[in-house]
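Chain by chain, the residues:
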Amino acid sequence: MFEHLDAWLHRPNFIVFVILFSWGLYIMVVHHNLVKKLIGMYLVQTSVIFYLVTLGVKSGATVPVLLSTTAPIRVEAYANPLPHVVTLTAIVVGVATLGVSLALVAAMYRKYGTLDEDEILKRLE
Amino acid sequence: MSHHLPALIFLLPFLAAICMPMVGLKNPGWCWPMAIAVVFAMSVASIANVVVVMDSGEIRYAFSGWAPPIGIEWVDDGLASIIMVTLSLLALISLINAGPTSPSTLGQRIVPYYTLILLLVSGMTGIIFAGDLFNIFVFLEVSALSGYALVGVAGGKALMSAFRYLILGTFGASLYLLGVGYFYAATGTLNMADLGQRIPELMTSKAVVGGLIFMFIGLGIKMALIPLHGWLPDAYTHAPEAISPFLASLVTKVALLAWIRIMFWVVGANAEIEHVPVLFLLEELGALTAVVGAFLALTQHEVKRMFAYGGISHIGLILIGVGIGNPTGFAGGVFYLINDAVMQAALFFLAGAAMYQYGVRSIEDLGRLRGQAPWMTGALIIMAMSMVGLPPTGGFFGKWYIVLGALEAQHYLAVAAVIISTILTLAFFIKLFERIFRDSQPSSGIISVEAPFSIKVSVGTASAAIILLGLFSDPIMGFLLESALPPGL
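Residues numbered from 1 in each chain as written. Chains lettered and ligands numbered in written order. Predicted model: local features only at pLDDT ≥ 70, side-chain atom pairs only at ≥ 80, totals over all residues. Heavy atoms only, no water.

**Thoughts on the overall build of chain B**
Within chain B, the regular secondary structure consists of 18 helices and four strands. Expected size for 489 residues packed as a compact globule is a radius of gyration near 23 Å; at 21 Å, chain B falls within 12% of this value. Reported as C-alpha extents along the three principal axes, the dimensions of chain B are approximately 70 × 55 × 45 Å. Put simply, chain B has 489 residues, and 63% of those count as buried. Restricting the contact set of chain B to residue pairs at least 6 apart, pairs at least 24 apart contribute 79%. As displayed, chain B offers around 16,600 Å² of accessible surface, 69% of which is attributable to carbon and sulfur atoms. The average position of the 20 basic charges and that of the 25 acidic charges among the side chains of chain B differ by 14 Å. (Helix = DSSP H or I, 4+ residues; strand = E, 2+ residues; numbered from the N terminus. Rg over C-alpha atoms; globule rule 2.2 N^0.38 Å. Buried < 20%, exposed > 50% of the residue type's maximum accessible area, 1.4 Å probe, protein only. Contact = heavy atoms within 4.5 Å. Areas by Shrake-Rupley, 256 points an atom, 1.4 Å probe, with all protein chains shown as cover. Lys, Arg positive; Asp, Glu negative; His and termini not counted. Charge placed at Lys NZ, Arg CZ, Asp CG, Glu CD.)

See below:
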């Protein structure tokens, strides 16, 4: 039991990820306000991005640019750029999604004058 | 030169999408012909691509010359090339259909509308060719974002459907990305060929199993598997008549193709979690989807919604086919995927035409078709034959090979699921035809607008394609069995 707890505490980043992800999912499911749903959605996306960022962390490493072509290359001195690039692209995708979703919500607000999901569904019928 | 074809096929719609606002600024009327011309060029390129792949085997395209696994790679093998032809030809017919059926309220916004359609097509092209898990995520989101906007473009009820589609779709994409992160953490690579060598021996690792589950749930939302299908019927029903064919025939099938890629090329057909074969689980999920989807279709009152549920059920049939795990089943499943794309497009063209000409929305309205438009009823009969699976249509041969594969592998549950879903499909088409042929409601006195030529062309071409797929099922199956099979099957 305590060994497991110890193993968990060695990876606090995973615990934070799980909390953020579940929190976002909870907000998405529970709230009836469309903007709050979007906040939950963005939290889910951000938690995944956070997880990807923590995968790329390497202590004591620097940007993967060779400063000298003659000095011997020490692999452990450089961070792997791939998780960072993946994260960057995922952030761009997330921002684009948020933009589209806010535009949709704005269109709905202009049409129905409310952001409450139940209210809108009632008017649709 | 010919090895640049995959990039060319992608760049045609993508660059045209970027140029569209510049062209459309002064002449919004040019957007439709321009989009058709571009997708026509794309279709020619993808047919050339199939010929090249047939002649000289698969093309592995490394972007900017960076060799994989460091660079980004596109895989243009038999499977990708034949699906690409299906996609580009269907996009072409759907675009021809899109001109007169697009919402008339768009006005100047017709320019971003066609831009989004081309972005949707290029995003799906990217998913088909992607040889890298993260690439699939990016293109999934490119096509999904254009899809959300296109569903909501007409306003009104469609806005809420688009919003739900967006929330669920983004959640699915986040789960998929999380799965990709797990795979990366376990192996340190994202390239499919590279992963394909490392993943099979790691199938006992919890990270890999968890990643696999997250990825499959994410893609399952995108392709509307039965417990995860909630967004689909509303989105397809409320989307503009011009957009439903794109969504119904292509978007879910392409997500399914990404699933096939990951399942067979990365995880491997023989993968097991705790001695349960992964493919078996997928096959059972497919059986559930096939039966429940067809049953739900039977209970619907709106024509488009009924077709949408029919499409969900057919996703299940394709999954049964590929999930059987022998060459006949796999090729049959992929052949059925091509058929289903054509059938769904045809059904939604017809729904759009009936809506345009007679204002048909619910099944009760279908009585207006009686004695009015023989071409429409005839086309519907061909589509129904294919959906149910009667020779000589393509749907029959697809189901035939799926059942044959299931019998070879002695998966009798799968056979039962195919048969039950066939009977239910027959039942809901009987419901439709009963309205058309037997209704006592007077069919006269309905103001009808003659459908434009381009709608008739698209309905006719799609119906002809259904028959042609049946007549040429032998060479297509031969090609699939010869050059589209995954390694180790």
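**Some points on the pattern of salt bridges**
Summed over the entire model, instances satisfying the criterion amount to 13 salt bridges over all chains. Note that D340 of chain B is salt-bridged to K253 of chain B, the shortest N-O span being 3.3 Å. Linking D340 of chain B in helix 13 (residues 327-358) with K253 of chain B in helix 10 (residues 244-267), this pair joins segments that are 87 residues apart in sequence. An identical accessibility class is assigned to D340 of chain B and K253 of chain B; each is buried. Bridged by salt links that share partners, the residues K37 and E117 of chain A together with R164, D234, E302 and R305 of chain B form one connected network. (Salt bridge = Lys/Arg side-chain N within 4 Å of Asp/Glu carboxyl O.)

**Description of the pairing of strand 1 (residues 59-62) of chain B**
Residue and element names in this part refer to chain B. Only one face of strand 1 is covered, namely the one carrying I59 and Y61; the face carrying R60 and A62 has none of its residues buried. Bridge analysis of strand 1 against strand 2 (residues 73-76) gives four bridges, and the strand direction is antiparallel. Residue pairing in the sheet places Y61 in a bridge with W74 of strand 2. (Pairing = 2+ DSSP bridges.)

**Concerning helix 14 (residues 374-388) of chain B**
Residues and elements named next belong to chain B. Between its terminal C-alpha atoms helix 14 stretches 21 Å, which fits the 21 Å expected from 15 residues at 1.5 Å a residue. All of the buried residues in helix 14 are M376, T377, A379, L380, M383, A384, S386, M387 and V388. Of the residues flanking the end of helix 14, it is G389, one or two places downstream, whose phi is positive at about 105 degrees. (Expected span 1.5 Å × (residues − 1).)

**Side note on the packing of aromatic side chains**
All names here are of chain B. According to the stated counting rule, one finds 26 aromatic pairs over all chains in the structure shown. Centroid distance F63 to W74: 5.0 Å. Interplanar angle 85 degrees. Geometry classified as edge-to-face. Within this pair, whereas F63 is found in the loop between strand 1 and strand 2, its partner W74 is found in strand 2, the two being separated by eleven residues in sequence. Both rings, one in F396 and one in F397, keep their centres 5.0 Å apart while their planes meet at 75 degrees; by these two values the pair is edge-to-face. Over the face of the ring belonging to W265 we find R261, whose NZ or CZ atom lies 4.7 Å from the ring centre. (Phe/Tyr/Trp six-rings, centres within 6.5 Å; stacked < 30°, edge-to-face > 60°. Lys NZ or Arg CZ within 6 Å of the ring centre and 35° of its normal.)

**Points about a nonpolar patch on the surface**
Residue and element names in this part refer to chain A. Together, F2, L5, W8, L9, I15, I19, W23, Y26, V29 and V30 line one region of the surface with nonpolar side chains, adding up to about 1,100 Å² of accessible area. Going through the elements one at a time, helix 1 (2-9) and helix 2 (12-30) are the ones with two or more residues in the nonpolar patch. Of all the elements, helix 2 adds the most residues to the nonpolar patch, at six residues. By the element assignment, Y26 lies in helix 2. (Patch = residues over 30% accessible without salt bridge, like charges linked within 9 Å, V, L, I, M, F, W, Y side chains within 5 Å.)

**A word on the nonpolar core**
Residues and elements named next belong to chain B. Ranked by size, the top nonpolar core spans 212 residues in total, and within it Y113, I320 and F429 carry the most contacts. It is helix 13 that contributes the most residues to this core, 20 residues altogether. When neighbours within four sequence positions are excluded, I320 is seen to be in contact with E283, G286, A287, A290, I402, A414, A417 and V418. (Core = buried A, V, L, I, M, F, W, Y, C linked by side-chain atoms within 4.5 Å.)

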